[in-house]
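# Fold and contact review
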Amino acid sequence: MRLLLFLVLALALNASPVPTPEAIPDDLRTALANYRAEGTRGWAFTQSTRASGKSLVERYDPRLPEFRRWSLLQKDGRTPTEQERQTYAEQQTRRSRGDTAPNVKEQIDEATAERVQDDGTRVHWRFRLRTTEEDDRSAAHMTATFVLHRPTSTIERMELASFEPFKPVTGIAIEQARTVVEYSLPEGDRPTLLQRITVTLRGRAWWIKSLDDDMEVVYSDFESARPAQR
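Residues numbered from 1 in each chain as written. Predicted model: local features only at pLDDT ≥ 70, side-chain atom pairs only at ≥ 80, totals over all residues. Heavy atoms only, no water.

### What to know about the pattern of salt bridges
- Considering all chains together, one arrives at 17 salt bridges under this definition.
- The shortest N-O distance in the salt bridge between arginine 36 and glutamate 38 comes to 2.7 Å.
- Here glutamate 38 falls in the buried class, since its relative accessible area comes to 16%.
- Between arginine 63 and aspartate 61 there is a salt bridge, and its shortest N-O distance comes to 2.9 Å.
- Of the residues examined, aspartate 61 reaches a relative accessible area of 16% and is grouped as buried.
- Residues joined in a network through salt bridges with shared partners are Asp27, Arg115, Asp118 and Arg150. (Salt bridge = Lys/Arg side-chain N within 4 Å of Asp/Glu carboxyl O. Buried < 20%, exposed > 50% of the residue type's maximum accessible area, 1.4 Å probe, protein only.)

### Observations concerning the side chain of glutamate 159
- Mapped onto the fold, glutamate 159 is located in strand β7 (residues 154–162).
- Polar contacts involving the side chain of glutamate 159 include one to the side chain of arginine 178, which spans 3.4 Å.
- Sequence-distant contacts of glutamate 159, defined by excluding residues within four places in its chain, comprise Thr143, Ala144, Thr145, Arg178, Thr179 and Val180. (Helix = DSSP H or I, 4+ residues; strand = E, 2+ residues; numbered from the N terminus. Polar contact = N/O pair within 3.5 Å; in protein donor to acceptor, adjacent residues only side chain to side chain. Contact = heavy atoms within 4.5 Å.)

Following this line, the structure appears as structure tokens:
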């Protein structure tokens, strides 16, 4: 799951005032401690991606050897050619070794905690982000919002967004962007699982080339890859 790319692109539409800090409650701390951006490990799934007029359907199975866990099922709505399958397989060495999502929860600034919505069942908490790397020019312009589902102590939704335009690197100007990551709620023996990632990006490179793009990644056909308990 290439969450690193998706989460780095996140951005929001409008600036917001500095919130009045609130104490982080125990239920949120517990949920964040258990939260994994990529969802619960130990499950096979199908990943369907649409972006820039193209589409890709892939299958992930953690029970297979490391460099065979990802397989290409469809490309642009059709069965991939043998050459496309071979090229895809050759790319898996790099992908398998670097398939780690960024730990956004470690970047939240607790001093900026803001409860923006609370209906009793779901509560939305927003945080500014701290810069944790010297060359990070994005975090200072971004917020992370977590939706806590109180009955199950589960993070049901995470939104990573900027609250103002910024320039992550020389020549690149980001005007609008937003990433939303959605999860299922646990039910019975089935844990919380990643369901959908949507990304919106608006910007320009060197004042000429448009960077505008929209991406959607949907996860389906989950299958437990953990040994059955006896």
